[in-house]
Amino acid sequence: MPELPEVEVLRRSLEPRLVGRRVERVEGLAPALREPLARRPLAALAGRRFVALGRRAKYLLADLEGGRTLVVHLGMSGRLTLVPGGSPREVHEHLAFHLDSGERLRLRDPRRFGLAYAAPTAALASDPHLAHLGVEPLSPEFDGARLAAAAAGRRGPVKSFLLDGRAIAGVGNIYACEALFRAGIRPDRSVARLAPARWERLAGALVEVLEEAIRAGGTTLNDFADGAGREGLFQVALSVYGRTGEPCPRCGRPVRRRELAGRGTYDCPGCQR
DNA sequence: AACAAGACCTGCATGC
DNA sequence: TGCATGCAGGTCTTGT
């Protein structure tokens, strides 16, 4: 479900409502997400206030007093929402933080590919999930030269490269397809055969599509919602993702779906070279 | 080292 | 209507 824009939309929606609130009680309601909750010291967050809400790639990073950070990943189907305290428990509600405002921050994740754990804030740089992530595409140092450098020595299709978080952080299947369409690059083109100018175009297309998606509140295909439960609108603006057979918005030829490295891959055979 | 493929889960759309 | 099949936004591990 959620890629970088969705997690950023979630972060922005939760930040003003969460920062300053104190956790009164942590309730683990399921045996496991991707990793067992019981192994993770989430209960140690009780009594602490949220002091900041950040993001790295698709990870939401909630800093609390006392140098602890709550790390949340939504996997494919996760939804993190702030609801009134008396709201009935949902099916697949795996984790709940009861706050001093009387509200409850709850994590629901039917497929349980998500992740939630607490870690020392000072140790995040060496956290196994975060340490090897690549450049943030919305950071000032991101550009085509940076992309080309990260691809040096690699072979493989450019789309697989975009999906590899160790090279670029936060890009998933939807935005990889959309950025390649905007840049006019075939998803299966080898990274070894992309000229510098095309890397620049790709970097520009990535920034453009990620920023537009954030402004639209993210893409909601099935599950995504922000911290208040609001769904995104960017799905109507997708050019190729999920649009098999529909006309390419640029040239009118039908959008094609293929499988690349096991992932559904959409492109326009006319516009992308 | 880098890549492909399988595994982890549930829910939903589709087709018979 | 019911059942089987295939597909899904993401990592992580294993094998080549």
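What this report covers is the structure whose coordinates are included nearby.

Cut-offs and rules
Residues numbered from 1 in each chain as written. Chains lettered and ligands numbered in written order. Predicted model: local features only at pLDDT ≥ 70, side-chain atom pairs only at ≥ 80, totals over all residues. Heavy atoms only, no water. Phe/Tyr/Trp six-rings, centres within 6.5 Å; stacked < 30°, edge-to-face > 60°. Helix = DSSP H or I, 4+ residues; strand = E, 2+ residues; numbered from the N terminus. Buried < 20%, exposed > 50% of the residue type's maximum accessible area, 1.4 Å probe, protein only. Lys NZ or Arg CZ within 6 Å of the ring centre and 35° of its normal. Near = heavy atom within 4 Å. Polar contact = N/O pair within 3.5 Å; in protein donor to acceptor, adjacent residues only side chain to side chain. Nonpolar A, V, L, I, M, F, W, Y, C, P; charged D, E, K, R; others polar.

## Brief notes about the packing of aromatic side chains
Tallying each qualifying case throughout the model produces three aromatic pairs. Both rings, one in Phe161 and one in Trp199, keep their centres 5.6 Å apart while their planes meet at 75°; by these two values the pair is edge-to-face. You can see Phe161 sitting in helix α3 (residues 158-163) and its partner Trp199 sitting in helix α5 (residues 196-215), a full 38 residues away along the chain. Judged by centre distance (6.2 Å) and plane angle (35°), the ring pair of Tyr175 and Phe234 falls under tilted. Taken together, the residues span a long stretch of sequence, with Tyr175 in helix α4 (residues 173-183) and Phe234 in the loop between α5 and β9 (256-260) at a distance of 59 residues. The pair formed by Tyr175 and Phe234 is uniform in burial state, with each residue classed as buried. Here Arg250 stacks its cationic end above the ring of Phe181, 4.7 Å away from the centre of that ring.

## Concerning the protein's contact with DNA strand B
Near DNA strand B the following residues occur: His92, Pro110, Arg111, Arg112, Phe113, Arg154, Arg155 and Gly156. For DNA strand B, the fraction of atoms within 4 Å of the protein that belong to sugar or phosphate moieties is 54%. In the environment of DNA strand B, a sugar or linking oxygen lies 3.4 Å from a nitrogen or oxygen atom belonging to the backbone of Pro110. In terms of residue class, the surface near DNA strand B is built from two nonpolar, two polar and four charged.

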